[in-house]
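# An overview of the molecular structure
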Amino acid sequence: MLSSTSRSIVNGNLLRRFLNQRVNIMVNIEDIDSIGTTLTGKTTDNQSIQVCLSEPVTSPINGWVEIIGVPTGSDRINCEEVILFEERDGDEGFDTDSYDMLVQFLNNCEDVFKSG
């Protein structure tokens, strides 16, 4: 499974810093192309990006998804894995501000996971 390998958690503004490196990014899906291989959506910091899938989508995808993949440009990522989240009635929704604070913290602090 690809999800166990090292990767950085980013938002749309940080994609260009991580070209050709594995990342995680949250995307709110807005559109899927007619053949189901390209998703278009907005990141938590409201940047529009395209997600290129290795295989076509076979069922509807909407709302927030986590994309694991490799950025090939400032607004494009080659997807290795899509993680879907079940939407439930009464949920407050995804907290984009807190996620962006996490992204900034993880990408601006040295050795955040080092102890001692």
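Further up the page is the structure itself.
Worth saying up front: this structure is predicted, and the values here are computed from it rather than measured.

## A few points about the overall build of the chain
Along its length, the chain carries 1 helix and 6 strands. For the chain, the α and β elements follow one another from N to C terminus as β-β-β-β-β-β-α. Burial statistics for the chain: of 116 residues in total, 35% are counted as buried. Taking contacts inside the chain between residues at least 6 apart in sequence as the whole, the part at least 24 apart equals 51%. Carbon and sulfur atoms provide 46% of the accessible area of the chain, an area that totals close to 7,400 Å².

## Details of the environment of Asp-95
With respect to the secondary-structure elements, Asp-95 resides in the loop between strand 6 (76-84) and helix 1 (96-108). Judged by its relative accessible area of 43%, Asp-95 falls in the partly exposed class. Distance from Asp-95 to Thr-44, taken between C-alpha atoms, is 8.6 Å for residues 51 residues apart in sequence. Within the structure, Asp-95 has its side chain in polar contact with the backbone nitrogen of Asp-97 (distance 3.3 Å).

Conventions adopted
Residues numbered from 1 in each chain as written. Predicted model: local features only at pLDDT ≥ 70, side-chain atom pairs only at ≥ 80, totals over all residues. Heavy atoms only, no water. Helix = DSSP H or I, 4+ residues; strand = E, 2+ residues; numbered from the N terminus. Buried < 20%, exposed > 50% of the residue type's maximum accessible area, 1.4 Å probe, protein only. Contact = heavy atoms within 4.5 Å. Areas by Shrake-Rupley, 256 points an atom, 1.4 Å probe, with all protein chains shown as cover. Polar contact = N/O pair within 3.5 Å; in protein donor to acceptor, adjacent residues only side chain to side chain.

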